[in-house]
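A look at the structure
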Amino acid sequence: MDRFTWSNGLLEMNETLVIQQRGVKLYDGEDKAKLDVGIALLSTHQLIWRDLKNHECCIAIPLSQIIYFEEQAAGIGKSQDPILLNFLKERLTEELSQKRWESTPMSQPIPTATNSQTGRTRAVGIVGIERKIEERRKETEKNISEAFEDLSKLMVKAKEMVELSRSIANKIKDKQGDITEDETIRFKSYLLSMGIANPVTRETHGSGTHYHLQLAKQLGDILLAPLEERGGMMALTEVYCLVNRARGMELLSPEDLVNACKMFESLKQPLRLRIFDSGVMVVQLQSHSEEEMISSALDNVTDKGSLTAEEFAKLLGLSVLLSKERLLLAEKMGHLCRDDSVEGLRFYPNLFNSQA
Amino acid sequence: MHRRGVGAGAIAKKKLAEAKYKERGTVLAEDQIVQMSKQLETFKSNLEEFASKHKQEIRKSSQFRVQFQEMCATIGVDPLASGKGFWSEMLGVGDFYYELGVQIIEVCLALKHRNGGLITLDELHHRVLKGRGKFAQDVSQDDLVRAIKKLKVMGNGFGMIPVGGSYLVQSVPAELNMDHTVVLQLAEKKGYVSVSEIRESLKWERERACHVLDHLLKEGLAWLDSQASGEPQYWLPALFSELTSLLSISDGGK
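In the nomenclature of an unreviewed UniProt entry, chain B corresponds to Vacuolar-sorting protein SNF8 from the organism Oncorhynchus kisutch. As its UniProt record puts it under Subunit (unreviewed entry), chain B is described as follows: "Component of the endosomal sorting complex required for transport II (ESCRT-II)." You can read under Subcellular location (unreviewed entry) in the UniProt record for chain B the words "Cytoplasm".

Chain A has the name Vacuolar protein-sorting-associated protein 36 in an unreviewed UniProt entry, where Oncorhynchus tshawytscha is given as its organism. UniProt annotates chain A under Subunit (unreviewed entry) with the comment "Component of the endosomal sorting complex required for transport II (ESCRT-II)." The annotation that UniProt attaches to chain A under Sequence similarities (unreviewed entry) is "Belongs to the VPS36 family."

In structure tokens:
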């Protein structure tokens, strides 16, 4: 932009207007210059830009000082504002090749640039953009190394707290009676805030942190309807996605969810966390009893003769994972038999039982 | 004449002195908890300051995230343990990884019927990025790995199997022991494997090879091509990306 000079926008005697184009915005390198929408005028000698809103504002660049120009595709969201339209571009190319300004010099000499020591002038366009990219890269690097420095200092302090918490934990282990329940709860919440694993209690004893208690209550409300819709059972990963999608931000960590679900029983919520032999974890409605599930599995299998987990899932509208668990449960209780082959796992009513 | 340090009285006195010394020397746990609470407040404000200056770095730079995680691990802190933790709340690290966890679960669920619950980390990465859209933050494979590690606590069999320099991500509780893993690694090069290949490379008996392959078939992790020239081939849908991209076109470009 430093080749542009303020101008009165008036053409000289020997100068002819070639073309003018409305709705042109000026950009300095990649940034929009302070000049917004205006008219670009191409003459035989210069390229002039005049602000549409403020006619006083007018700048110009002599064509002799344009070394290079390029057509730049409109950016995102700026579909209506090309910098140089085709007409203008063609004309500009023409004028630059014809160099009519040389044959008909203007009465006033155009001020030459002040900072071209080597005689090389900076092109508007690519070089400007490249320079900006490099500047930004250096800036980012500087920011990151600063961030690491600050982070290291922070980590030193965090480490002190880890050591302190270990010392406290050891003392709690040794003389259990001296610490009040209240203090233990507070300590646990400090550990939670810092992300330090709780070395004292492996289980939550039903008196985990206040945060998880609150969460468990919330979950008890939120999950009732979805559970009903899904036959009373949902895999924990399903719950995780459902809850976090609903929250949008301040999401729950997987551990938060597990810890909260572990508290359902002590809070007398109508939900339970249940872990199957396979390791699959589900949230289950208390109202959907074990017997119901098993007898429904048996009924369905007897009805169809035999069922795979996939077929059962389709029947009930459940996920394959959970329908498999139900079949396995019914098998465990002796009501179903399996046929395990390359073609898959298929369940049959246990005739040994019923016809023995 | 008194002789010092001798006799029952002296012993009792010594014991009393020891007790007093101990009392003065040891800091009680209750006091330490109070001390910790104060340090926590200070730390919290330091972290806030850090966040105000550098929160962007964490969001934008996956390299920074890796370093951050490693530093935390070194000192014994898990910044992703809870959404209520300071790290998560103030630096926003939590939301980034927890949301990623949701996206990983959804991708794995959507593809499970095709690959049996086994997917390469590359493909998972590709699909998660696609799902996030053009303008979302960048996500590296290291980010995925950390998010998956967190998902493990929810049961459901999330795990990672090292294969050919990268990983296969397992999202079903299918039992995969070392034999299965080794066969998967063998199949990685071509996307399929045969009984004789297994016998040649791993020097197993026929029964052992068949047992493993049958298990993979049953779990839906392998497909049998009995029409292949020569002997039957066992293909692993998790491992062939050309096939999956073809399938995704028929998906309606999901």
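Regarding the UniProt feature "coiled-coil region" (unreviewed entry) in chain A
Here, the residues flagged by UniProt with the feature "coiled-coil region" (unreviewed entry) are residues 130–157 of chain A. In the segment residues 130–157 of chain A, helix accounts for 100% and strand for 0%; the C-alpha atoms at its two ends are 41 Å apart.

Structural notes on the interface of chain B and chain A
How big an interface is tends to be stated in terms of accessible area lost as the parts join. Every contact between the two is made by 59 residues of chain B and, on the other side, 61 residues of chain A. The three residues of chain B that bury the most area against chain A are Ile 33, Met 36 and Met 154 of chain B, which together make up 13% of that side's buried surface. In this structure, the connection of chain B to chain A is made through four salt bridges. Glu 106 of chain B is the partner of Arg 245 of chain A in a salt bridge, and the nearest nitrogen-oxygen pair spans 2.7 Å. The interface formed by chain B and chain A holds 15 residue pairs in polar contact (both at pLDDT 80 or more) in total. Mapped by element, the contributors of at least two residues to the side of chain B that touches chain A are helix H2 (29–60), helix H3 (62–75), helix H4 (86–91), helix H5 (93–115), helix H7 (141–151) and helix H10 (206–218) of chain B. Looking at the side of chain B that touches chain A element by element, the count peaks at 16 residues for H2 of chain B. Here the side of chain B that touches chain A is composed, by residue class, of 28 nonpolar, 18 polar and 13 charged.

Description of the packing of helix H6 (residues 121–132) of chain B against H7 of chain B
Residue and element names in this part refer to chain B. Two numbers describe how H6 lies on H7: the axes approach to 10 Å, and their chain directions differ by 100°. By the angle class used here, H6 and H7 are roughly perpendicular. Between H6 and H7, the contacting residues are Leu 121, Asp 122, Leu 124, His 125 and Val 128 on the first element and Gln 141, Leu 144, Val 145 and Ile 148 on the second.

Brief notes about the sheet that holds strand S8 (residues 233–235) of chain A
Residues and elements named next belong to chain A. With antiparallel pairing, the three strands of this open sheet are ordered in space as S8-S10-S9. Each having just a single partner strand, S8 and strand S9 (271–275) make up the two edges of the open sheet. Averaged over all neighbouring strand pairs, the angle between strand axes comes to 25°, with direction disregarded. With three bridges joining them, S8 and strand S10 (residues 281–285) adopt antiparallel strand pairing. Directly across from Ala 235, in S10, lies its bridge partner Val 282. In this fold helix H7 (residues 236–247) packs onto S8, S9 and S10, with an angle of close to 85° to the strand it touches most, S8.

Remarks on the pattern of salt bridges
Taken as a whole and judged by the stated rule, the model has 22 salt bridges over all chains. Where Arg 137 of chain A meets Glu 134 of chain A, a salt bridge forms, and the shortest distance between an N and an O atom there is 2.9 Å. Within this pair, Arg 137 of chain A and its partner Glu 134 of chain A are both found in helix H3 (residues 126–174), separated by three residues, close to a single helical turn. For Arg 137 of chain A, a relative accessible area of 41% corresponds to the partly exposed category. We classify Glu 134 of chain A as partly exposed; its relative accessible area is 32%. One salt-bridge network, held together by shared partners, links Glu 331, Arg 338 and Asp 340 of chain A together with Lys 218 of chain B.

A look at the packing of H3 of chain A against H3 of chain B
With their axes 10 Å apart at the nearest point, H3 of chain A and H3 of chain B run at an angle of 20° to one another. Between H3 of chain A and H3 of chain B, the interaxial angle falls into the category roughly parallel. You can see that H3 of chain A and H3 of chain B cross each other, and the crossing is right-handed. Residues Ile 144, Ala 147, Phe 148, Leu 151, Ser 152, Met 155, Ala 158, Lys 159 and Val 162 of chain A of H3 of chain A pack against Gln 63, Phe 64, Gln 67, Phe 68, Met 71, Cys 72 and Ile 75 of chain B of H3 of chain B. The residue makeup of the contact of H3 of chain A with H3 of chain B, split by class, is 12 nonpolar, three polar and one charged.

Some remarks on the pairing of strand S12 (residues 336–341) of chain A
Residues and elements named next belong to chain A. By the bridge criterion, six bridges tie S12 to strand S13 (residues 344–349) in an arrangement that is antiparallel. By the bridge assignment, Asp 339 is partnered in S13 with Arg 346. From the end of S12 to the start of S13, which pair antiparallel, there are two residues.

Things to note about unusual backbone geometry
Backbone geometry places Lys 268 of chain A, a non-glycine residue, at a positive phi of 60°. Take Lys 268 of chain A: it is sitting in the loop between helix H8 (254–261) and S9. Of note, the phi angle at Lys 203 of chain B is positive, near 60°, even though the residue is not glycine. With respect to the secondary-structure elements, Lys 203 of chain B resides in the loop between helix H9 (195–202) and H10.

Re the pairing of strand S5 (residues 38–43) of chain A
Residues and elements named next belong to chain A. Where burial is concerned, most of S5 is hidden: six out of the six residues are buried. Summarising the sheet, S5 and strand S6 (residues 46–51) pair through five bridges and their orientation is antiparallel. Its bridge partner being in S6, Leu 41 is matched across the sheet by Ile 48. Between S5 and S6, which pair antiparallel one after the other, the connecting turn spans two residues.

Basis of the calculations
- Residues numbered from 1 in each chain as written.
- Chains lettered and ligands numbered in written order.
- Predicted model: local features only at pLDDT ≥ 70, side-chain atom pairs only at ≥ 80, totals over all residues.
- Heavy atoms only, no water.
- UniProt positions renumbered as here; feature names shortened; annotations may be inferred.
- Helix = DSSP H or I, 4+ residues; strand = E, 2+ residues; numbered from the N terminus.
- Contact = heavy atoms within 4.5 Å.
- Buried area = accessible area lost by both parts, 1.4 Å probe.
- Salt bridge = Lys/Arg side-chain N within 4 Å of Asp/Glu carboxyl O.
- Polar contact = N/O pair within 3.5 Å; in protein donor to acceptor, adjacent residues only side chain to side chain.
- Nonpolar A, V, L, I, M, F, W, Y, C, P; charged D, E, K, R; others polar.
- Axes fitted to C-alpha atoms, helices over the stretch in contact; angles between N-to-C directions.
- Parallel < 35°, antiparallel > 145°, perpendicular 65-115°, else oblique.
- Pairing = 2+ DSSP bridges.
- Buried < 20%, exposed > 50% of the residue type's maximum accessible area, 1.4 Å probe, protein only.
- Left-handed = near helix turned anticlockwise from the far one by under 90°.

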